[in-house]
Amino acid sequence: MSAIVIFLILAALLITGMPVSIALGLTVFSFLFAFTDIPMDSIALKLFTGIEKFEIMAIPFFILAGNFLTHGGVARRMIRFASSMVGHWYGGMGLAAVLACALFAAISGSSPATVMAVGSILIPAMVRQGYPAQFGVGSIATAGGLGILIPPSIVMVMYSVATSGMVVSGPNGDTVMSASIGALFMAGVIPGLMLAAMLGFTTFYRAWKNGYPRMQRASFRERWQALRESVWGLMLIVIIMGGIYGGLFTPTEAAAVSAVYAFVIAVWVYKDIRLRDVPRVLLSSAAMSAMLLYIITNAVMFAFILTSEQIPQALSAWIVDLGLGKIGFLIMVNVMLLFIGMVMEPSAIVLIMAPILYPVAVKLGVDPVHFGIMLVVNMEIGLCTPPVGLNLYVGSAISKLGLTEVSKAALPWLLTALVFLVLVTYVPAISLWLPRTLGM
């Protein structure tokens, strides 16, 4: 009964168009005030202690690093490098867009930022080369979703935070701990590269079928020059992943290092940002971080209410009693998340649904890391589906096409992503092989 009341209040507030973060907070206070005897003092304490986690500090640092690189010319240099490598194939500029999205995703951690950085440069260039605008915006809007799958990923950090401290019994009665950020980052490498390859094949096939233009093959000297110009940005990938795996620093410390490194190369190496522009970058990063941290704070309170009312445990027992099994449960989760992803933002979905679904998944024998990657892929698809797909809105703004037209343009790549979702859901080794090989 408590679960029904809580979700009815939340649904009623969301229907009014209220922002998710405020709706979560009001749901908590409304339920506490009207249906429980929990003192408000404990909620005030939870507001502060809920986000008092070292891992959460990674979010503002990754946002800051991404903003320095987005405002600088790192994206432009990566696009030039990608174009020199694959531009001479069918749909060369489209393939360069997918490759550039994959490279920029490895340093930004945000899908909309990836679409904006790559799309603002390549979509107009593709139209000038004779590509239909729909082809360019469709490929970039979906490939931009790699921003939350290829590490570092802000959504992975949120999944780890949302499930941290949850100790659940597995199917054999053994205790299963929540997934670490480092393990999730490593688990996202192979799925990210695999999806990039699948999206690239879709781009190649459509370009070959429609006879779209190809670029002139770049010489070895041109490729070397493009690599030299982009190497400072590419080194950030090595610093983050190598530092975490090598044990030099934690993911949160890696985020701080990446922010400082991005500042240095943007201001003093590439000199794309002047010192007087730095406060503007800091301010935009602070605004975005404050928004996400506010969502996290309210989501932590929401999870606190769910836990205090024993709702995840009751839901877990109910689903297990249904006899769906692991396969049936994963199908149900995918369908549910795909529908929710059409109307909600990924961070909010993960923070609301992870505490509810995570205990059920573990109870049925699903690995926490595998389940986290599956959730991220669902969120990635949600970013490319109307009516609230953020990547579609960014692509629409860049290409000047309507949302309906952009949605239709993205359909071939979206179907490819759905095929990949099936693979990553039912072949856990895609997610788990690398972190297990590295002893994580």
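The rules we used
- Residues numbered from 1 in each chain as written.
- Predicted model: local features only at pLDDT ≥ 70, side-chain atom pairs only at ≥ 80, totals over all residues.
- Heavy atoms only, no water.
- Helix = DSSP H or I, 4+ residues; strand = E, 2+ residues; numbered from the N terminus.
- Rg over C-alpha atoms; globule rule 2.2 N^0.38 Å.
- Contact = heavy atoms within 4.5 Å.
- Lys, Arg positive; Asp, Glu negative; His and termini not counted.
- Charge placed at Lys NZ, Arg CZ, Asp CG, Glu CD.
- Patch = residues over 30% accessible without salt bridge, like charges linked within 9 Å, V, L, I, M, F, W, Y side chains within 5 Å.
- Areas by Shrake-Rupley, 256 points an atom, 1.4 Å probe, with all protein chains shown as cover.
- Salt bridge = Lys/Arg side-chain N within 4 Å of Asp/Glu carboxyl O.
- Buried < 20%, exposed > 50% of the residue type's maximum accessible area, 1.4 Å probe, protein only.
- Core = buried A, V, L, I, M, F, W, Y, C linked by side-chain atoms within 4.5 Å.
- Phe/Tyr/Trp six-rings, centres within 6.5 Å; stacked < 30°, edge-to-face > 60°.
- Lys NZ or Arg CZ within 6 Å of the ring centre and 35° of its normal.
- Disulfide = S-S within 2.5 Å.
- Axes fitted to C-alpha atoms, helices over the stretch in contact; angles between N-to-C directions.
- Parallel < 35°, antiparallel > 145°, perpendicular 65-115°, else oblique.
- Nonpolar A, V, L, I, M, F, W, Y, C, P; charged D, E, K, R; others polar.

## Considerations on the overall build of the protein
Here comes step 1: The number of helices and strands found in the protein is 22 helices and two strands.
Here comes step 2: In summary, the protein has a C-alpha radius of gyration of 22 Å against a globular reference of 22 Å for 440 residues, a match within 12%.
Here comes step 3: If you line up the protein on its principal axes, its C-alpha atoms span 70 × 50 × 45 Å.
Here comes step 4: Taking all contacts inside the protein whose residues are at least 6 apart in sequence as the whole, residues at least 24 apart take part in 79%.
Here comes step 5: Mean positive and mean negative side-chain charge positions of the protein (22 and 16 charges, respectively) differ by 19 Å.

## A short note on a nonpolar patch on the surface
Here comes step 1: Where nonpolar side chains cluster on the molecular surface, the patch consists of Ile327, Ile331, Val335, Phe339, Met342, Val343, Val388, Val419, Val422, Leu423, Tyr426 and Val427 and spans about 1000 Å² of accessible area.
Here comes step 2: The set of elements that each furnish at least two residues to the nonpolar patch consists of helix H16 (325-341) and helix H21 (411-426).
Here comes step 3: As for its placement among the helices and strands, Phe339 is situated in helix H16.
Here comes step 4: Residue class for Phe339 comes out exposed when judged on its relative accessible area of 55%.

## Section: unusual backbone geometry
Here comes step 1: Put simply, Pro151 and Pro152 share a cis peptide bond, and its omega is 0°.
Here comes step 2: One non-glycine residue, Lys271, lies in the positive phi region at around 60°.
Here comes step 3: Inspection of the secondary structure assignment puts Lys271 in the loop between helix H13 (251-269) and helix H14 (278-308).
Here comes step 4: In this structure, Lys400 takes a positive phi of about 65° despite not being glycine.
Here comes step 5: Lys400 sits in the exposed class, given a relative accessible area of 68%.

## Some details on the environment of Gly145
Here comes step 1: Of note, Gly145 is situated in the loop between helix H8 (133-143) and helix H9 (154-163).
Here comes step 2: Judged by relative accessible area, which is 0%, Gly145 ranks as buried.
Here comes step 3: Separated by 234 residues in the primary sequence, Gly145 and Met379 place their C-alpha atoms 8.6 Å from one another.
Here comes step 4: Leave out the neighbours within four places in its chain, and Gly145 touches Ser111, Glu380 and Asn391.

## A few points about the nonpolar core
Here comes step 1: In this structure, Ile140, Tyr159, Phe329 and Phe371 are the most contacted members of the largest nonpolar core, which totals 157 residues.
Here comes step 2: The residues touching Phe329, leaving out its near neighbours within four places in the chain, are Ile319, Leu324, Leu357, Val360, Ala361, Leu364 and Phe371.

## Some details on the packing of aromatic side chains
Aromatic ring pairs are reported here in terms of the distance separating the ring centres and the angle at which the planes meet.
Here comes step 1: For the structure shown, the criterion picks out ten aromatic pairs.
Here comes step 2: When the centroid spacing of 4.9 Å and the interplanar angle of 65° are considered together, the rings of Phe135 and Tyr212 count as edge-to-face. Here Phe135 is found in helix H8, whereas its partner Tyr212 is found in the loop between helix H11 (189-210) and helix H12 (220-245), with 77 residues between them in sequence.
Here comes step 3: Between Tyr205 and Trp208, the aromatic rings sit 6.0 Å apart at their centres with planes inclined by 40°, giving tilted as the arrangement. Of this pair, Tyr205 and Trp208 both sit in helix H11, three residues apart, which is roughly one turn of that helix.
Here comes step 4: On the accessibility criterion, Tyr205 (40% relative accessible area) is partly exposed.
Here comes step 5: Classification of Trp208 by relative accessible area gives partly exposed; the value is 48%.
Here comes step 6: One aromatic cluster in this structure is built from Tyr131, Phe135, Tyr212 and Trp413.
Here comes step 7: Seen from the ring of Tyr270, Arg77 lies directly overhead, with NZ or CZ sitting 3.8 Å from the centre.
Here comes step 8: We note Arg214 situated over the ring of Tyr90; from NZ or CZ to the ring centre the distance is 4.3 Å.

## A few points about the environment of Leu236
Here comes step 1: Assignment of secondary structure puts Leu236 in helix H12.
Here comes step 2: By relative accessible area, which is 0% here, Leu236 ends up buried.
Here comes step 3: Along the sequence, Leu236 and Ile38 sit 198 residues apart, while their C-alpha atoms lie 47 Å from each other.
Here comes step 4: Leu236 has contacts with Leu69, Ile107, Ser258 and Tyr261, leaving out every residue within four places of it along the chain.

## Regarding helix H22 (residues 429-437)
Here comes step 1: When we look at burial in H22, the residues that qualify are Ile430, Ser431, Leu432, Leu434 and Pro435.
Here comes step 2: Turning to H22, the residues buried within the fold contact helix H10 (181-187), H11, helix H18 (368-382) and H21.

## Quick look at the state of the cysteines
Here comes step 1: Taken as a whole, this structure holds zero disulfides when the rule is applied.
Here comes step 2: Here Cys101 is not cross-linked by a disulfide; its sulfur's nearest cysteine counterpart is in Cys384, at 10 Å.
Here comes step 3: The buried category is assigned to Cys384, whose relative accessible area is 3%.

## Quick notes on the packing of H16 against helix H17 (residues 346-363)
Here comes step 1: One can describe the packing of H16 onto H17 by two numbers: an axis separation of 12 Å at closest approach and a directional angle of 175°. As judged from the angle between their axes, H16 and H17 are roughly antiparallel. Across the interface between the two elements, Phe329, Val333, Met336, Leu337, Ile340 and Gly341 of H16 pack against Ile349, Met353, Leu357, Val360 and Ala361 of H17.
Here comes step 2: Partitioning the contact of H16 with H17 into residue classes produces ten nonpolar, one polar and no charged.

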